[in-house]
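Each chain is listed here by its residues.
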Amino acid sequence: MKAVVINAFGGPEVLAVQEVSLARPGPGQALVQVMAAGVNFMDTGARRGLGAASPLPLTLGAEGAGVVLAIGPGVTDVAPGDRVAWYYVPGSYAQQVIAPVSQLVPLPEDIGFETAASLMMQGLTASNLVFEVHAIQKGDVAFIHAAAGGVGLMLTQMVKLLGGQVIGRVSHADKVDSVLAAGADYVVIGRAGHIAGQVERLVGKHAVNVVYDGTGNEGFSESLNLLDYFGTLALFGPFMDPIAPIDIFSVPRSIKLTYPVVMHHVRSRETLLAHAQQLFTWVRTGRLNVNIGQRYALAQAHQAHRDIESRRSTGKLIILPQA
């Protein structure tokens, strides 16, 4: 079967399609035909060898949806022919993947593979941010950096579902319409470190209850300036720009700083299934829309990485391995 493989860490040019052989699924595993794989910014960090670099050669990708082809000994939770989705199974930029059954979520017939592959990682990330990291209350004002990205559009919709107000930041004017369509009350345009004045004119000084920031250092000081007393600054994303060491005594207005991790939101299979079902229900009932920005074949994975790293893409980017 074909997979996107890197044999050296580097830029998008290291991504190449190769023939790969997989072993049969072992205990607790399933062999899955990948119908759609999500492209996430974390994939670009893995490509560059950041974080806990995996041994080479390496098949990238972690999120996707597909059909179970075979199961390992003793597996009872899934069966061949089942439609499934997942938020974290390394090696998902491929026609097939060996997946831990504990990571597979049953996919309802009325939720398409492309939708599921666009929903799992960023939907669960957004769910964590609005329910557990800062439980959105009616009337809360949320500021969302990179609001036109996959997580940003999910966050915008969820904050509105829970009765909050959204101010989204985008880097370019051509992204404004997509954020407004997701339900944002206001959109500001500019770099992360140069928007406080715009926000203050909209809602006043120190009027934001929560800032969701996947950019890191660029907007850190500005984000603190936006927050009200006891507000929350939620930094998320594994490869954001590094933040300089913080003097905790300098943090103003009893602001809470947190770096939430989606895996903590789904620490058990029961919570993974419950939160995934919530996402599917919202999609099924039209309360949550999935915005697919671009589709790519396996051989175009390098372009998908260029597009997501350019910060000019809007919505979710997905790879279709069977195309």
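Since the model is a prediction, treat every value here as computed from it, not as a measurement.

Next up on the list: the packing of helix H1 (residues 41-48) against helix H9 (residues 301-309). Between H1 and H9, the least distance of the axes is 10 Å, while the angle of their chain directions is 115°. Classified by the angle between their axes, H1 and H9 sit roughly perpendicular to one another. Of the two possible hands of crossing, H1 and H9 adopt the one that is left-handed. Where H1 approaches H9, its residues Phe41, Asp43, Thr44, Arg47 and Arg48 are matched on the opposing element by His305, Ile308 and Glu309. For the contact of H1 with H9, the per-class residue count stands at two nonpolar, two polar and four charged.

Bringing the nonpolar core into the picture now. Side chains of nonpolar character tend, in soluble globular proteins, to be buried together. Within the largest apolar cluster, 46 residues are counted, with the highest numbers of intra-cluster contacts made by Leu155 and Tyr212. Here this core takes nine residues from helix H2 (residues 113-133), the largest share from any one element. Summarising the domain contributions, this core has at least three residues from each of domain 1 (2-118 + 291-320) and domain 2 (122-263). Sequence-distant contacts of tyrosine 212, that is, excluding residues within four places in its chain, are made with Leu129, Val130, His134, Ile136, Ala142, Phe143, Ile144, His145, Leu155, Val159, Ala234 and Phe236.

This part takes up the packing of aromatic side chains. Note on aromatic pairs: each is described by the distance of the centres and the angle between the planes. Per the stated rule, a full pass over the model turns up one aromatic pair. Over the ring of phenylalanine 113 we find arginine 83; its NZ or CZ atom is 4.4 Å from the centre of that ring.

A few words on the domain arrangement of the protein. Each assigned domain of the protein is listed with its residue range as follows: domain 1 (2-118 + 291-320) and domain 2 (122-263). Taken together, the contacts link 19 residues of domain 1 with 15 residues of domain 2. Interface of domain 1 and domain 2: buried area, both sides summed, is about 1,300 Å²; carbon and sulfur atoms make up 59% of it. Taken together, domain 1 and domain 2 are joined by zero salt bridges. In this structure, the connection of domain 1 to domain 2 is made through three residue pairs in polar contact (both at pLDDT 80 or more). Examining the composition of the side of domain 1 that touches domain 2, we find that five residues originate from one element, H1, more than from any other. Per-class residue counts for the side of domain 1 that touches domain 2 are six nonpolar, eight polar and five charged.

The rules behind each value
Sequence positions are assigned chain by chain, starting from 1 and proceeding in written order. In keeping with the model being predicted, local features are shown solely for residues with a pLDDT of at least 70 and side-chain atom pairs are shown and tallied solely at 80 or more, while totals for entire chains, interfaces and linings include all residues. Water and hydrogen atoms were dropped before computing side-chain values, which therefore reflect all heavy atoms in the structure. Between the N-to-C directions of two axes lies an angle of 0 to 180 degrees, each axis being a line fitted to C-alpha atoms and, for a helix, fitted only over the stretch in contact. Each helix is a run of H or I in the DSSP string that is no shorter than four residues. Each strand is a run of E no shorter than two, and both are numbered from the N terminus. With respect to orientation, any angle under 35 degrees is reported as roughly parallel, any angle over 145 as roughly antiparallel, any angle of 65 to 115 as roughly perpendicular, and every other angle as oblique. Helix crossings are classified by the rotation of the near helix relative to the far one: an anticlockwise turn of less than a right angle makes the crossing left-handed, while a clockwise turn makes it right-handed. By the convention used here, residues are in contact when the closest approach between their heavy atoms is within 4.5 Å. For this scheme, ten residues count as nonpolar: Ala, Val, Leu, Ile, Met, Phe, Trp, Tyr, Cys and Pro. Four count as charged, namely Asp, Glu, Lys and Arg, and the remainder, Gly too, count as polar. Nonpolar cores are built from buried Ala, Val, Leu, Ile, Met, Phe, Trp, Tyr and Cys residues. Side-chain atoms within 4.5 Å join them into one set. The buried label goes to any residue with under 20% of its type's maximum accessible area, the exposed label to any with over 50%, and the partly exposed label to all in between, with areas taken from a 1.4 Å probe on protein chains only. What fixes the domain bounds is an automatic or database domain assignment. Here a pair means two rings of Phe, Tyr or Trp (six-membered ring of Trp) with centres within 6.5 Å. Their orientation is stacked below 30 degrees between planes, edge-to-face above 60, and tilted elsewhere. Distance and angle both matter: a charge sits over a ring if NZ of Lys or CZ of Arg is within 6 Å of the ring centre and within 35 degrees of the ring normal. Here the buried area means the combined drop in accessible surface, using a 1.4 Å probe, for two parts upon being joined, counting both sides. Salt bridges, as used here, are contacts in which a Lys or Arg side-chain nitrogen is within 4 Å of a carboxyl oxygen on Asp or Glu. Polar contact is defined as a pair of N or O atoms within 3.5 Å, subject to the rule that within protein one atom must be able to donate a hydrogen and the other to accept it, and that residues adjacent in sequence are counted only when both atoms are side-chain atoms.

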